[in-house]
Amino acid sequence: MTIVTDDRGNVLAAVQGHSLSQRDGDIEASVSFAAGHQLHYVDVADDMANVGDAATFQQRLMQHLPTP
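**Student:** Explain the overall build of the protein chain here, please?
**Tutor:** Across its full length, the protein chain holds 1 helix and 5 strands. Listed N to C, the secondary structure of the protein chain is β-β-β-β-β-α in terms of helices and strands. Oriented by its inertia axes, the alpha-carbon framework of the protein chain measures out at about 40 × 30 × 20 Å. The buried share of the protein chain, reckoned over its 68 residues, is 19%. Sequence separation of 24 or more characterises 48% of the internal contacts of the protein chain that already satisfy a separation of 6 or more. Working note: accessible area of the protein chain is about 5,100 Å², and carbon and sulfur atoms make up 47% of it.

Structure follows, in structure tokens:
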């Protein structure tokens, strides 16, 4: 998973996988973030996709980030 944080360490986004672009034929889409944001490429448990509660999901993401 790729976790995106701002310059204060707040989680802004979580993207499944480590690729931030996808190509399908002639169409390509990319995700980018403003300067100052950090990308953290981490391995998470497979059951993260099943977490339905946003607070629990963010709490579990935070366990994979370095402490400031």
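Next comes the rest of the account.
**Student:** So what exactly am I meant to see when it comes to the pattern of salt bridges here?
**Tutor:** Pairs may arise between side chains of opposite charge once their charged atoms sit close together. The final tally for this structure, using the stated rule, is 3 salt bridges. In this structure, Arg8 and Asp7 form a salt bridge, with 3.7 Å as the shortest nitrogen-oxygen distance. Summarising the burial analysis for this pair, Arg8 and Asp7 share the class exposed.

**Student:** What is the right way to read a nonpolar patch on the surface from this model?
**Tutor:** Where nonpolar side chains cluster on the molecular surface, the patch consists of Val31, Phe33, Leu39 and Tyr41 and spans about 340 Å² of accessible area. Note that Leu39 resides in strand 5 (residues 38-41).

**Student:** When you look at the pairing of strand 3 (residues 21-24) in this model, what are you seeing that I'm missing?
**Tutor:** On a regular strand, each side chain points to the face opposite its neighbour's, so the side chains alternate between the two faces of the sheet. Where strand 3 meets strand 4 (residues 27-30), 4 bridges bridge the pair, whose relative direction is antiparallel. Each residue of the ladder has a partner; that of Asp24, found in strand 4, is Ile27. Here strand 3 folds back onto strand 4 in antiparallel fashion, the turn holding 2 residues, of which Gly25 has a positive phi close to 65°.

**Student:** Looking at this structure, I do not really get the sheet that holds strand 1 (residues 2-5). What am I missing?
**Tutor:** Strands pair in a sheet through their backbones, by hydrogen bonds, and they do so in one of two ways: parallel or antiparallel. Spatially, the 3 strands line up as an open sheet ordered 2-1-5, and their pairing is antiparallel. One side of each edge strand has no neighbouring strand; the edge strands of this open sheet are strand 2 (11-15) and strand 5. This sheet shows a mean twist of 20° between the axes of neighbouring strands, independent of strand direction. For strand 1 and strand 2, the ladder comprises 4 bridges, and the chain directions are antiparallel. The partner of Val4 across the bridge, within strand 2, is Ala13. Against the sheet, helix 1 (residues 54-62) touches strand 1 and strand 2, its axis set at about 90° to strand 2.

Scoring rules and cut-offs
- Residues numbered from 1 in each chain as written.
- Predicted model: local features only at pLDDT ≥ 70, side-chain atom pairs only at ≥ 80, totals over all residues.
- Heavy atoms only, no water.
- Helix = DSSP H or I, 4+ residues; strand = E, 2+ residues; numbered from the N terminus.
- Buried < 20%, exposed > 50% of the residue type's maximum accessible area, 1.4 Å probe, protein only.
- Contact = heavy atoms within 4.5 Å.
- Areas by Shrake-Rupley, 256 points an atom, 1.4 Å probe, with all protein chains shown as cover.
- Salt bridge = Lys/Arg side-chain N within 4 Å of Asp/Glu carboxyl O.
- Patch = residues over 30% accessible without salt bridge, like charges linked within 9 Å, V, L, I, M, F, W, Y side chains within 5 Å.
- Pairing = 2+ DSSP bridges.
- Axes fitted to C-alpha atoms, helices over the stretch in contact; angles between N-to-C directions.

Fair warning: the whole summary comes from geometry, so function is off the table for now.
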